[in-house]
Amino acid sequence: MTEGFMTPEHYKQNASLGIANPVLQRALVNLQERFGRGTARGYLNLPEGPQLRQIANQRRMAAIENLDILLERFAERIEANGGQVHFAVDAHAALQACLGIARRHGVALAVKGKSMVSEEIGLNPYFKRHGIETVETDMGEYIVQLAAEHPSHIIAPAIHKTRQEIGRLFATKLGIAYSEDPSTLTQAARKVLRAKFLAADMGITGCNVACAQTGHITTLSNEGNIRMAATLPRVHVVLMGMERITARLADHDMLFRLLALGAAAQNMAGYVSYVGGPRRADQIDGPEAFHVIIIDNGRSRILADPEFREALCCIRCGACLNICPVYAKIGGHAYGSAYSGPIGAVVTPLLVGINQAKDLCLGETLCGACKEACPVDVDLPRMLHALRVKLAQGDARWQVKAANPLERVVFKGWSRATASRQIYDLMLRLAAAGQAALPRSDGMLRRLPPPFSGWTEQRDLKPVATRTFNRRWRERRAKTS
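Residues numbered from 1 in each chain as written. Predicted model: local features only at pLDDT ≥ 70, side-chain atom pairs only at ≥ 80, totals over all residues. Heavy atoms only, no water.

Engineer: Would you mind going over the sheet that holds strand 5 (residues 209-211) in detail, with residue names and values included?
Structural biologist: If you walk across this open sheet you meet the four strands as 8-5-6-9, and the pairing is mixed. Lying at the two open borders of the sheet, with one neighbouring strand each, are strand 8 (245-246) and strand 9 (271-275). (Pairing = 2+ DSSP bridges. Helix = DSSP H or I, 4+ residues; strand = E, 2+ residues; numbered from the N terminus.)

Quick look at the structure:
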């Protein structure tokens, strides 16, 4: 069980808030128009062709199925280069490892590059409770940190905020004159963050891709802040989900090309950094100490299940968010998780409990757009469907209780009824007669009685025809014969 930001049980309430937020709605439309279509064009223009996505999926699955060997080799390479590797079984172990490193090096201030796994384990509030200041250095992440909020998108964490809101926030928190000019606001944040970079004792980053062959991790960004967090402080700590490993450098390079396309429709991110250890004696840049914390936190359980193992192939680019019609309406905060969108609807239930996060997978459309957009061709619709099956039937292995036993009984009855022509016709006649008492608007049914009321909470329904197609067909044939 994670200690971080995982409250998916409020999905429905938060989704309603997102739908009612006009600022968020405009921002999400712009995001999907800009990145969703650009990514699709980018895949077509790949030198290897769009089939590179399927090749990437095969390479990712091969790495996932050999994680034990690859992680051991990766750790050996890092340690040979003077770094240290820590394996954390869960969020608490990862936090303790990170705090232990901070204590040994006398850390009072840490600067952090964007890291979804740090959100997953709840690093910032944990460090705060232990007297260590942690400052986000990605512009979007810095904005939501000042606002005491969580990111709402993997690559656009502050997409839910307007320039005016950010201007007021900076005026209050940074003590500057109000401005809504993006350049002015950026310069104000840069001035504060540069001072933090220079004063920080520890830099914390995530890991986009790691390579077992060479023993290094790679980070990608468009702001340069991750590179500064990794080189200016005297201690660099990498938080790495254990699935982020690749076997060979060729696979690694393929993945971060696809990552840039999936994330922002770019051929390459602005800043790509390879880091494999502390600075050597003949180097003037880089940290004195380099630590990699490899985090399990439920991933081994996913790995052990062939039905969901493919979820670990995800490279956290956000492409599925940039195309998902559900995310486009409700935004990232609705998911109550570090991981939103279709990938969040799969991963979060597997990490925190399928029953606890059931609304996430039930809320997706299964339209398949996420699979088409994924740079490594992860079959999210298949896994969403598998989660729904477990919620419908229960599953002892995942400790899933049937979410609605009555629904299962109803559908079994429906299946049997539709197998009989006589019973089915009788049901239609009863429905046609009973709907006469229901409220209508423009010929549509506005409200159904329980237990069917959920069908009309957000939409009207067409009434049941008083004469079925079969009946009309028989009458037509009788007239023409």
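Engineer: Describe in detail helix 4 (residues 67-80), supporting the description with residues and values.
Structural biologist: The periodicity of an α-helix, 3.6 residues per turn, causes residues three or four positions apart to be oriented the same way. Here helix 4 spans 20 Å end to end across 14 residues, near enough to the 20 Å set by a 1.5 Å rise per residue. Among all positions in helix 4, only Leu67, Leu70, Leu71, Phe74, Ala75 and Ile78 are buried. Relative to the axis of helix 4, the buried residues are bounded by an arc of 135° and lie together on one face. Structural note: helix 4 exposes Asp68, Glu72 and Ala80 on the side pointing more than 90 degrees away from its buried face. Just past helix 4, the residue glycine 82 takes up positive phi, approximately 100°. (Expected span 1.5 Å × (residues − 1). Buried < 20%, exposed > 50% of the residue type's maximum accessible area, 1.4 Å probe, protein only. Arc of directions from axis to C-beta.)

Engineer: Any details on a negative patch on the surface? Residues and values, ideally.
Structural biologist: Residues Asp68, Glu72, Glu76 and Glu79 make up a contiguous surface patch of negative charge. Structurally, the position occupied by aspartate 68 is in helix 4. (Patch = residues over 30% accessible without salt bridge, like charges linked within 9 Å, V, L, I, M, F, W, Y side chains within 5 Å. Areas by Shrake-Rupley, 256 points an atom, 1.4 Å probe, with all protein chains shown as cover. Salt bridge = Lys/Arg side-chain N within 4 Å of Asp/Glu carboxyl O. Lys, Arg positive; Asp, Glu negative; His and termini not counted. Charge placed at Lys NZ, Arg CZ, Asp CG, Glu CD.)

Engineer: Provide a residue-level description of the packing of aromatic side chains, including the pertinent values.
Structural biologist: For any pair of aromatic rings, the description consists of the separation of the ring centres together with the inter-plane angle of the planes. Enumeration according to the criterion identifies seven aromatic pairs in this entry. With a centroid separation of 5.7 Å and 70° between ring planes, the pair formed by tyrosine 11 and tyrosine 335 is classed as edge-to-face. Highlighted residues: tyrosine 11 in helix 1 (residues 11-19) and tyrosine 335 in the loop between helix 14 (327-330) and helix 15 (341-352), separated in sequence by 324 residues. For tyrosine 335, a relative accessible area of 0% puts it in the buried group. One aromatic cluster is present, built from ring pairs that chain together Tyr11, Tyr327 and Tyr335. The ring of tyrosine 43 is capped by arginine 53, whose NZ or CZ atom sits 5.2 Å from the centre of that ring. Between arginine 316 and the ring centre of tyrosine 339, over which it is positioned, the NZ or CZ distance is 4.5 Å. (Phe/Tyr/Trp six-rings, centres within 6.5 Å; stacked < 30°, edge-to-face > 60°. Lys NZ or Arg CZ within 6 Å of the ring centre and 35° of its normal.)

Engineer: Outline the packing of helix 15 against helix 18 (residues 380-393), listing residues and values.
Structural biologist: Running from amino to carboxyl end, helix 15 crosses helix 18 at an angle of 40°, the nearest separation of the two axes being 10 Å. Taken together, helix 15 and helix 18 sit at an angle that is classed as oblique. The handedness of the crossing between helix 15 and helix 18 is left-handed. Taking contact as the criterion, the partners of Pro342, Ile343, Ala345, Val346, Pro349 and Leu350 in helix 15 are, on helix 18, Leu380, Met383, Leu384 and Leu387. Grouping the amino acids of the contact of helix 15 with helix 18 by side-chain chemistry returns 10 nonpolar, no polar and no charged. (Axes fitted to C-alpha atoms, helices over the stretch in contact; angles between N-to-C directions. Parallel < 35°, antiparallel > 145°, perpendicular 65-115°, else oblique. Left-handed = near helix turned anticlockwise from the far one by under 90°. Contact = heavy atoms within 4.5 Å. Nonpolar A, V, L, I, M, F, W, Y, C, P; charged D, E, K, R; others polar.)

The values reported here are purely geometric and, on their own, carry no functional implication.
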